[in-house]
Amino acid sequence: MNKKVIIGGVELKNPILTASGTFGSGMEYNEFVDLNCLGGVITKGVSNVPWQGNDVPRVTETYGGMLNAIGLQNPGMEVFIKRDLPFLKQYDTKIIVNVCGRTEEDYIEVVERLGDEEVDMLEINVSCPNVKEGGIAFGQNPCSLEKITRKVKEKAKQPIIMKLSPNVTDITEMARAAESGGADGVSLINTITGMKIDIHKRKFALANKTGGLSGPAIKPIALRMVYQVCQSISLPVIGMGGIMNGEDAVEFFLAGARAVAVGTANFHDPYALIKVRKGIENYMEKYGIEDIHDLIGKVQ
Amino acid sequence: METKRKEKGRVIEQKEIGKNIYSMWIETTISGNGRPGQFIAIYPKGESTLLPRPISICESDKKRGRLRIVYRIAGKGTKEFSQYEEGETIDVMGPIGNGFPLLDKKAIIIGGGIGIPPLLELAKEYKGKKEMILGFKGERFMDKEFLPYGSVEIATENGSSGLKGNVLDILEKGEHRGEVILACGPYPMLKGVAAYAKKRKIPAYVSLEEKMACGIGACLACVCKMKEKDSHSQVPNRRICVDGPVFLAQEVDFS
Ligand SMILES: Cc1cc2nc3c(=O)[nH]c(=O)nc-3n(C[C@H](O)[C@H](O)[C@H](O)COP(=O)(O)OP(=O)(O)OC[C@H]3O[C@@H](n4cnc5c(N)ncnc54)[C@H](O)[C@@H]3O)c2cc1C
Ligand SMILES: Cc1cc2nc3c(=O)[nH]c(=O)nc-3n(C[C@H](O)[C@H](O)[C@H](O)COP(=O)(O)O)c2cc1C
Ligand code: FES
């Protein structure tokens, strides 16, 4: 059974990745999931300097999903390089670093700093709905998206994946902008902006008032967007949004995703990634599929 | 640190011990290495309630491989737990967190409301001398279970038993002379305890709460603000789930 896929020239031994921000740098989940079983680890967003993130409450549960407004808390690239990277290098899995910033210069600084490190790919987060400046501002306008993609691509020594926001009118316009900017791939979807109000306290459930919706509740939207993007560009697509099991992942492959990432499901079950992997294998066995490529984009 | 695991536990006993307050014994191997002040995560069934519920270990019976939780119905998840009958299998993960320090100093153990349950195992295992102060809104629960381990003083907000007031009013009477405070309860109570300990120049260890997602230190949902920069996060935030839930009050930014 072949499960290998290639994205931006990087071969993943299987198409199962961790969704950024839900898995840290793998240290904590390592107690539950053997990182060697994953195609790659997409890390929590890394910025040039440490970020403190938002006030609490930062998460709240919603029906079949959750809202988060972590605000990209992270220890900054130097600590990431000194502590997290050596940890990840012990494993036979690809390292994909999620990069965040407030300004163009912030992104470039991280991308350049990571240039000489053993990192396999970069995922550029231009779609975080929970920070005031930067982030999503780059991801909601096709011109700025194309511009930042081009700038990052110029400096990057690793292939770059642009992470797209679903909080736009036409996702294909964004995907085309990333493609014209020279991206090696796109990943989607980031979370969908939402809100919850505690009627007993008459207060916002999150300190940030709004947060990003993730989990099974967003899967139909994510799947539709992945399909539309796959129809409109020729870059490889990493699909995510509400994947809980192998069947969910297969839907994304059929819609055209070359790899999938699992996020919120990890909170519901720390063994979720293993379950998704096993589920994909079971599906392939059941239908006699020898190569994962025989699934990718094969919806009729 | 001992490893966490997620496994199937089995409900052995379920009892309502107060209004909307339940005591449940669960058969699980997690009981083998849990410490007082640590907690477990219980996963409600079904995918409409995705996130694990953090509930403190109230007692552990290592010999028989069981642990006890005492919880109040607060919403969907705890409501579902209260409906489980003996024999029900449930997904549990743990043990999580650092737990209370077991010192050889005279301790004042202070609990408020649903913060009282984790203190029972603490009272049992704490080796030094100890006195308990427990605060309730009105109805008392579990207070008698502490009697074998030391003196117990009670405050109730409605004055139905003990002192009319809260645990801070008991502390302020100044009759308790401990060398350390160990506390769990609502945030305003812990803030008051922290201020009292500062005034008396004794350390206070407080168990904090925050909304969680992963429960294992990866997502950074559950942070509390600290006075100093934390070496793990590089910012003055620490994770309640794995760096806590018990913190030295003097280090917490209660402002
Ligand atoms: C370390 C720790 C130990 C705890 N120990 C106990 C205990 O021993 N007994 C007990 O009765 N309660 C305890 N709690 C509080 C308990 O976790 C919440 O009451 C419970 O999660 C509510 O879930 P629900 O589905 O009933 O409520 P809902 O309101 O439906 O929950 C929605 C979401 O919010 C979260 N949430 C709601 N209230 C809290 C809260 N106070 N703290 C953290 N998350 C919350 C839930 O986990 C869930 O993800 C503890 C909390 C923490 C952080
Ligand atoms: C708690 C949390 C933190 C996240 N942090 C990041 C992040 O740092 N960078 C990023 O690009 N996406 C982040 N995301 C978005 C996820 O990577 C993913 O795109 C989204 O959650 C949809 O997938 P899911 O439904 O499987 O979780 C975060 C999501 C959650 C729930
Ligand atoms: S709940 Fe995820 S870090 Fe504490």
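Residues numbered from 1 in each chain as written. Chains lettered and ligands numbered in written order. Predicted model: local features only at pLDDT ≥ 70, side-chain atom pairs only at ≥ 80, totals over all residues. Heavy atoms only, no water.

**Things to note about empty space enclosed by the protein**
Residues and elements named next belong to chain A. A full pass over the atoms with the stated rule returns 2 cavities of 30 Å³ or more. Of the volumes computed, that of the largest cavity is approximately 480 Å³. Around the largest cavity, the lining comprises 38 residues; the ones closest to its centre are Ser-20, Thr-22, Asn-68, Asn-190 and Thr-191. Listing elements by their share of the lining of the largest cavity, those giving two or more residues are β6 (65-68), β14 (210-214), β16 (259-262) and α8 (265-268). In the lining of the largest cavity, the residues fall into 19 nonpolar, 17 polar and 2 charged. (1 Å grid on protein atoms, 1.4 Å probe; cavity = no way out; pocket = protein on both sides within 12 Å on 5 of 7 lines; lining within 4 Å. Points joined across faces, edges and corners; volume = space filled by probe spheres on them. Helix = DSSP H or I, 4+ residues; strand = E, 2+ residues; numbered from the N terminus. Nonpolar A, V, L, I, M, F, W, Y, C, P; charged D, E, K, R; others polar.)

**A look at the domain arrangement of chain B**
Residues and elements named next belong to chain B. Assigned domains within chain B: domain 1 (5-96) and domain 2 (107-251). Computed from C-alpha atoms alone, the centre-to-centre distance between domain 1 and domain 2 is 21 Å. Facing 22 residues of domain 1, the contacting portion of domain 2 comprises 20 residues. Between domain 1 and domain 2, a total of about 1800 Å² is buried, with carbon and sulfur atoms accounting for 63% of that surface. Of all residues in domain 1, the largest losses of buried area upon contact with domain 2 belong to Pro-36, Phe-39 and Cys-58, amounting jointly to 24% of the total for that side. Joining domain 1 to domain 2, the criterion identifies 2 salt bridges. (Domains from an automatic or database assignment. Contact = heavy atoms within 4.5 Å. Buried area = accessible area lost by both parts, 1.4 Å probe. Salt bridge = Lys/Arg side-chain N within 4 Å of Asp/Glu carboxyl O.)

**Section: the sheet that holds strand β3 (residues 39-43) of chain B**
Either a parallel or an antiparallel arrangement is found when strands of a sheet pair, and the pairing is made through backbone hydrogen bonds. Residue and element names in this part refer to chain B. Read from one edge of the open sheet, 7 strands run β4-β3-β7-β1-β2-β6-β5, paired in antiparallel fashion. One side of each edge strand has no neighbouring strand; the edge strands of this open sheet are β4 (53-56) and β5 (59-61). Mean inter-strand twist for the sheet, computed between neighbouring axes without regard to direction, equals 35 degrees. As paired strands, strand β2 (residues 21-27) and strand β6 (residues 66-72) are joined by 7 bridges and run antiparallel to one another. Within the sheet, the bridge partner assigned to Ser-23 lies in β6 and is Val-70. (Pairing = 2+ DSSP bridges. Axes fitted to C-alpha atoms, helices over the stretch in contact; angles between N-to-C directions.)

**Thoughts on helix α5 (residues 171-180) of chain A**
All names here are of chain A. Among the residues of α5, Ile-171, Thr-172, Met-174, Ala-175, Ala-177 and Ala-178 are the ones counted as buried. Packing partners of the buried residues in α5 comprise α3 (136-139), α4 (142-155), β9 (160-163), β10 (185-188) and α6 (219-232). Two residues or fewer past α5, Gly-182 is found with a positive phi of approximately 100 degrees. (Buried < 20%, exposed > 50% of the residue type's maximum accessible area, 1.4 Å probe, protein only.)

**Here's the deal with the nonpolar core**
Leu-122, Ile-124, Met-162, Val-186 and Leu-188 of chain A together with Ile-110 and Ile-181 of chain B are the most contacted members of the largest nonpolar core, which totals 138 residues. If you count residues domain by domain, this core takes at least three from each of domain 1 (5-96) and domain 2 (107-251) of chain B. Leaving out residues up to four positions away in the same chain, Val-186 of chain A has contacts with Ile-161, Met-162, Leu-164, Ala-178, Val-229, Ile-233, Leu-235, Pro-236, Val-237 and Ile-238 of chain A. With 23 residues, the next largest nonpolar core counts Cys-58, Phe-100, Ile-154 and Cys-184 of chain B among its residues. (Core = buried A, V, L, I, M, F, W, Y, C linked by side-chain atoms within 4.5 Å.)

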